[in-house]
Amino acid sequence: MRHYYKLILTVSVGIIAVVLQFGLHYQLAAQIIITLMGSLMALSMLVEMIKTLRSGKYGVDLLAITAIVATLAVGEYWASLVVLIMLTGGDSLEDYAAKRANTELKALLDNSPRIAHRSVAGQLTDIAVEDVQIGDQLVVKPGELVPVDGHLIQGTALFDESSLTGESKPVDKHVGDDIMSGAVNGDSAVTMVVDKLAIDSQYQQLVKLVKESESRPAKFVRLADRYAVPFTLVAYVIAGVAWAFSGDPHRFAEVLVVASPCPLILAAPVALVSGMSRTSRNGIVVKTGNMLEKLSTAKSAAFDKTGTITSGQLTVNQIVPQSGFTAEQILHLAASAEQNSSHILARSLVKYASATSLSPATQLAEVTGNGVTATIEQQQVKVGKLKFVAPTTTAKPLATTAIYVGIDDQYAGYITFIDNVRPEAAATLKALHAEGVQNVMMLTGDQQAIADHIAADVGIDTVAADLLPADKIAHLKAVPAAERPVIMVGDGVNDAPSLAVADVGIAMGAHGSTAASESADVVILKDDLSRVVTAVRIAKDTMQVAKQAVWIGIAICTILMLIASTGIIPALFGAMLQEVVDTVSILWALRALRDRPQSSVSSTTTTPITKDVSSPCQNGSYDGHNRH
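Residues numbered from 1 in each chain as written. Predicted model: local features only at pLDDT ≥ 70, side-chain atom pairs only at ≥ 80, totals over all residues. Heavy atoms only, no water.

**Here's the deal with the pattern of salt bridges**
Worth spelling out the cut-off: Counted as salt bridges are all cases of a side-chain nitrogen of Lys or Arg within 4 Å of a carboxyl oxygen of Asp or Glu. Runs of E in the DSSP output that reach at least two residues are strands. Runs of H or I that reach at least four are helices, and both are numbered from the N terminus. Under the scheme applied here, a residue whose accessible area is under 20% of the maximum for its type counts as buried, over 50% as exposed, and between as partly exposed, the area being computed with a 1.4 Å probe on protein chains only.
Taken as a whole, this structure holds 10 salt bridges when the rule is applied. Note that Glu254 is salt-bridged to Arg251, the shortest N-O span being 3.8 Å. In this pair, Glu254 and Arg251 both sit in helix α9 (residues 249-257), three residues apart, roughly one turn of the helix. By relative accessible area, which is 18% here, Arg251 ends up buried. Several salt bridges converge on common partners, so that one network encompasses Arg422, Glu424 and Asp527.

**Quick look at the nonpolar core**
Counted only if it meets this: Nonpolar cores were defined as sets of buried Ala, Val, Leu, Ile, Met, Phe, Trp, Tyr and Cys residues, with membership established by side-chain atoms within 4.5 Å. Note on contacts: a residue pair qualifies if any of its non-hydrogen atoms lie within 4.5 Å across the two residues.
With 41 residues, the main nonpolar core has Leu295, Phe303, Ile309, Leu432, Val458, Ile487 and Ile506 as its most contacted residues. Tallying contributions element by element places helix α21 (residues 531-564) first for this core, with six residues. Not counting the four nearest positions on each side in its chain, Val458 is found in contact with Ile309, Val421, Ala425, Ala426 and Leu429. Core analysis: the second largest hydrophobic core is formed by 37 residues, Phe231, Ile238, Ile569 and Ile586 among them.

**Focus: the sheet that holds strand β19 (residues 462-464)**
For clarity, the cut-off: Being paired, for any two strands, means DSSP has found at least two bridges between them. Note on method: axes are straight lines fitted to C-alpha atoms, helices fitted across the in-contact stretch only, with angles between N-to-C directions ranging 0 to 180 degrees.
Here seven strands make up an open sheet; going across it, the order is β10-β22-β21-β20-β11-β18-β19 and the pairing mixed. The strands lining the two open edges of the sheet, one partner per strand, are β10 (284-286) and β19. Adjacent strand axes in the sheet meet at a mean angle of 15° when their direction is disregarded. Direction of pairing for strand β20 (residues 486-490) relative to strand β21 (residues 504-508): parallel, over a ladder of four bridges. Paired with Ile487 across the bridge in β21 is Val504. Seen against the sheet, helix α17 (residues 448-458) touches β18 (439-443) and β19 and runs at an angle of roughly 160° to β19.

**Some points on the environment of Gln137**
As for its placement among the helices and strands, Gln137 is situated in strand β3 (residues 137-140). Taking relative accessible area as the criterion, Gln137 reaches 31% and is therefore assigned partly exposed. A C-alpha to C-alpha distance of 9.9 Å links Gln137 and His151, two positions 14 residues apart in sequence. Non-local contacts of Gln137, meaning those with residues more than four positions away in its chain, are made with His117, Arg118, Ser119, Ile153, Thr191, Met192 and Val193.

**Details of the packing of helix α16 (residues 425-434) against α21**
Definition in use: Every angle not falling under 35 degrees, over 145, or within 65 to 115 is termed oblique; those three ranges are roughly parallel, roughly antiparallel and roughly perpendicular. With the far helix as reference, a near helix turned anticlockwise by less than a right angle produces a left-handed crossing, and one turned clockwise produces a right-handed crossing. For this classification, the nonpolar set comprises Ala, Val, Leu, Ile, Met, Phe, Trp, Tyr, Cys and Pro, the charged set comprises Asp, Glu, Lys and Arg, and every other residue, Gly included, is treated as polar.
For the pair α16 and α21, the least separation of the axes is 9 Å and the interaxial angle reads 20°. With respect to each other, α16 and α21 are oriented roughly parallel. Of the two elements, α16 crosses α21, and the hand of that crossing is left-handed. On α21, the residues touching Thr428, Ala431 and Leu432 of α16 are Val532, Val533, Val536 and Arg537. In the contact of α16 with α21, the residues fall into five nonpolar, one polar and one charged.

**Thoughts on the confidence of the model for the protein chain**
To keep things clear, this is the line we draw: The score called pLDDT rates the predictor's confidence residue by residue, from a low of 0 to a high of 100.
Per-residue confidence for the protein chain gives a mean pLDDT of 79; residues scoring 70 or more make up 80%. Contacts of residues 602-628 to residues separated by more than four positions or lying in other chains number 104 contacts, the stretch itself having pLDDT below 50.

Below is the structure:
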């Protein structure tokens, strides 16, 4: 039976009993119906408690059951009724508090995109989001949700990504920029190319994570139950001593009535659900309350490099033309040929060239693993690998990330790209150290020299480079117990195993892989590394509030038990006092919902770092993108 219905039944029986005793003067009838209902409720609670114990969890129902039985046994049936109302009301209040704390999470489920406007030869057709295919061109009108993940190929608009990232400021998007499903288009219609199916898009992945976070219980809730074991023993000792010294069994019932375990039952889960809602409001999805507990005590953190410490978004570094060609010509033709491609280098190139108008491409063809060919302004253009663009050249490919351009079967030049250290990386790692994370590591498949250079810039303690995914796992497993829990932060497909092995896996989900997000325990929805520090701070605050709420309840109950042992608190009044204790504990636990002022993680100067792709063990965003 739902807690709400139990509360309604208990209150209804209480009203009937009040009418019988004080209206019709049937005192015995009132006592009988309260005793029957109380006995049935106590029996129901006993069955639930036995099931809890059999599942390997501690329960706190024994104290409540004993209080109900004791008050009924000594004829304090009104006190028993108040205890029952308190218990069922407390459970109903917990449901309400959890519902309130989950408001931000549930809002995601109600706003899932369902319709897309597909553009074919200039004609728009409304189709279900599930029918959208990769490569389709979709029109997103003002005020509409972006249906699937993709990138802009026409138009400029402001997008509200607050429900995805927690960032309230609209984001200005231009041709070549990525846009996420679930974002709201602001002021003008735009055309996008689909990069991911609906099931793989950001919004649906977020909905999946939210459902998972709601369905998995928090370990600390069971830990809070363990507080009840010594608390229950103390309550029985005080009640037994009071009975022994007074010789009055009423004293036993009076002590147990004020020893209700409701603060223990309610405070911890309400605080944890509130904390998980708070992280969601800050653009972070935490899958379980258990992860909040581990985050709050983390002593080590490991970071992937590409896409995590660095931005993972390449920018054009140099445009080097061959004799007879110009840099402007190479950029214009290459970007025009790549404007409809979803490849990371193509998107970076188109974004860089967005200040100039691109020419339409005809006879466009993509040669898997090599590049693209297209006719632009009556010129045959090839963009891609050197051997594809200029098969007869004696030049060797560069050691850095580059694409090569051919025009009318002539080698025209090359364009190099760099990956930048995130501007917030150094401040983030410094803040982690301040939060008690003693050892910050970088685990990367990149070359040692590049890794060392970046580590020195951002303040990494330990560097391990030239690693395969299995090597990263070995390093994480080798972290000693004294330096755990250990956090792993990554974004690429090859980070997924490491995220699963770490005590807390954090995925940079804004531009990272689906595999990484699914393997992680925490997903950061905004492309902002400082949210790692935000998650740790919220976890610390949530656990502090949860423990405070539990101990406040325990302290007040203990004081009330000692007072009740003297006989000056009648059982009925003591039962009413318990309602006050429950309310104080729950209201204190709800403090975990509220954001508190935190010192901001300021950005440092962006440092350009050249990404070397000559090694087959390179990691990060480029895995699987070997066309160029």
